[in-house]
Amino acid sequence: MTTRPTRALAVTALTGVLTGVLAGGLTLLTAGAAQAHSLTSSTLAVRVGEEQVEATVSVAADTLDGVLGGSPTDAEVSSYLAEHLTVTGTDDGTWTETWSPVLRETVEGIDSYRVDVVLDPGSADPSAFTLGYDGVLEVDASHEAVVVLTDAAGDISTAGVLTATDLTLVIGDDGRLGTGLTDMVGYGLHHVLEGADHLLFLLTLLLVAPVAAVAGRWRRRDGMRPTAHSVLAVVTAFTVGHSLTLLASALGWVTAPSAPVEVLIAVSVGVAAVHALRPLARRGEVLVAGGFGLVHGLAFAGILTDLGLGGATSVPALLAFNVGVELAQLLTVALVIPSLYLLSRTRWYPAVRTTGALIALVAATTWALDRLGWLADPLAGVEETLIANPWWVVAGLALLALVARTTEPSVRQDDAARTTDRRALTRLG
């Protein structure tokens, strides 16, 4: 029979494991605000005109700095990109490139180099050409370059994704113009899973899915069905919120500067964390998910605008991107909710919820300070390591749930508290 000192020791040990697992897990899923714009992908926004082609190359500053070995000058950035971008016409002639000055921009907290180039086809047809690009790809096999195409009629599409094994893309003659919706779904999925201030926001709200607010405190829900309803409500609210502003922004109905949006996203994570510590309102997680989902949609729109996607002609690509975002959310739910639910059936869950909320609150605070320019991200190195090993987090949380469930199979409340909570939860549905 387990003695009280032995049980207390086990509690202390498992709490330490819990803190480590959740710290690593949430740090991985947060991946630093910068990752939302992705250090592992570049963008080439190509615009086909009647007589010439224009393109904008955007690469994360940290990524290109790493390739060039330090802080390159604008001339070195332009020279590097010019060496690694080649466009040839159907006559096999190489098009002349005229590069504009380098610009620095910040999207979702990440600094990027942005350079425009005008491509002169000479006497060749400007609507049909082969685009070759191996910037960063030559040294990093995991890097990708997303090509977004605007044709002469103004129709926008994702033409394809360049990788280390596929460094060229034929535009025009092979029928690839206007394709790439599958690539866009993958880009949305990739964007969130690598991001992922959006993902941390969702995960923090999911921490309270197995519990309900009763008299200003969190109480365990009675059964899986109420938990499933809570998860569905949170995911739906978040989806509706970010989808509305994503579409509205893409159609030009709503505009917002990126800097305040980035700070508000950090605030959204902080509010979700405070709610997970102590309920702010009955079903407050749904209100937070829907309300701040509107802000997250503006951030998604900023990413797509940077890709050159905007206007009614880009709606199919935007919807495809949004499908990818939803798939990432569903994948997150599928991977973490079973473990969280099992943990909620034990006495460990208050520690799980509190630890996760505190870590999210710290992350939100450092993000806000970083996006305001007051503090650099102190966890960048740890985050990069964890990003490469996401299954450690999933497996660690599952193992913790199994150990906690085996050690202490169920939560027992005193009869009076159980009766009170059951009645309150029944009223909550």
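Provided above is the structure to which this section pertains.
It should be emphasised that the depicted structure is a prediction, and the values quoted were computed from it without experimental measurement. (Residues numbered from 1 in each chain as written. Predicted model: local features only at pLDDT ≥ 70, side-chain atom pairs only at ≥ 80, totals over all residues. Heavy atoms only, no water.)

Draft legend 1. Inspection of the overall build of the protein at higher detail. The number of helices and strands found in the protein is 13 helices and twelve strands. Taking all 429 residues of the protein together, the buried fraction comes to 50%. Considering only residue pairs separated by 6 or more positions, the protein has 76% of its internal contacts joining residues 24 or more positions apart. Accessible surface, the protein as shown: approximately 18600 Å² in total, 62% of it carbon and sulfur. (Helix = DSSP H or I, 4+ residues; strand = E, 2+ residues; numbered from the N terminus. Buried < 20%, exposed > 50% of the residue type's maximum accessible area, 1.4 Å probe, protein only. Contact = heavy atoms within 4.5 Å. Areas by Shrake-Rupley, 256 points an atom, 1.4 Å probe, with all protein chains shown as cover.)

Draft legend 2. Examining a nonpolar patch on the surface more closely. Together, Val-240, Leu-244 and Leu-294 make up an exposed nonpolar region whose accessible area comes to about 250 Å². Structurally, Val-240 is set in helix α6 (residues 224-250). (Patch = residues over 30% accessible without salt bridge, like charges linked within 9 Å, V, L, I, M, F, W, Y side chains within 5 Å. Salt bridge = Lys/Arg side-chain N within 4 Å of Asp/Glu carboxyl O.)

Draft legend 3. Broad picture of unusual backbone geometry. Of note, Asp-92 is a non-glycine position whose phi angle comes to about 70°, a positive value. Here Arg-283, not a glycine, exhibits a phi torsion of approximately 55°, which is positive. With respect to the element layout, Arg-283 can be found in the loop between α7 (258-277) and α8 (284-306). Overall, Arg-283 belongs to the partly exposed group, its relative accessible area being 44%.

Draft legend 4. Structural view of the pattern of salt bridges. Per the stated rule, a full pass over the model turns up four salt bridges. Of the charged contacts, one joins Glu-105 and Arg-114 as a salt bridge, the two residues approaching to 3.5 Å between their closest N and O atoms. The closest approach of N and O atoms between Asp-197 and Arg-371, which form a salt bridge, is 2.7 Å. With a gap of 174 residues between them, Asp-197 in helix α5 (residues 197-206) and Arg-371 in helix α10 (residues 349-371) connect regions that are remote in the sequence. Note on accessibility: Asp-197 and Arg-371 belong to one class, buried.

Draft legend 5. Examining the nonpolar core more closely. Membership of the largest hydrophobic core comes to 48 residues, with the highest contact counts inside it found for Phe-201, Ile-337, Leu-340 and Leu-343. When residues of this core are traced back to their parent elements, those giving at least two are α5, β11 (211-214), α6, α7, α8, α9 (315-344), α10 and α12 (390-407). In terms of residue count, the dominant contributor to this core is α10 (eight residues). When sequence neighbours within four positions are dropped, the list of residues in contact with Phe-201 reads Phe-238, Ser-268, Val-269, Ala-272, Val-288, Ala-289, Phe-292 and His-296. (Core = buried A, V, L, I, M, F, W, Y, C linked by side-chain atoms within 4.5 Å.)

Draft legend 6. How the structure looks around α6. Spanning 27 residues, α6 covers 38 Å between terminal C-alpha atoms, matching the ideal 39 Å at 1.5 Å per step. A positive backbone phi angle near 85° is found at Gly-252, which sits one or two residues after α6. (Expected span 1.5 Å × (residues − 1).)

Draft legend 7. Up close: the sheet that holds strand β10 (residues 168-171). Here three strands make up an open sheet; going across it, the order is β3-β7-β10 and the pairing antiparallel. Among the strands making up the open sheet, the edge pair consists of β3 (85-89) and β10. With direction set aside, neighbouring strand axes in the sheet form an average angle of 15°. Here β3 pairs with strand β7 (residues 129-133) via five bridges, running antiparallel. Looking across to β7, one finds that Thr-86 is bridged to Gly-132. (Pairing = 2+ DSSP bridges. Axes fitted to C-alpha atoms, helices over the stretch in contact; angles between N-to-C directions.)

Draft legend 8. Structural detail: the pairing of strand β2 (residues 53-60). Burial of β2 is extensive: seven of the eight residues sit out of reach of the surface. Relative to β2, strand β1 (residues 41-48) runs antiparallel, the two being bridged by six bridges. Note that in β2 the partner of Val-48 across the bridge is Val-53. With antiparallel pairing between neighbouring strands as the criterion, β1 and β2 make up a hairpin whose turn holds four residues. Both β2 and strand β6 (residues 110-120) contribute to a ladder of eight bridges, which runs antiparallel. Residue pairing for β6: Val-57 is matched across the bridge by Val-115.

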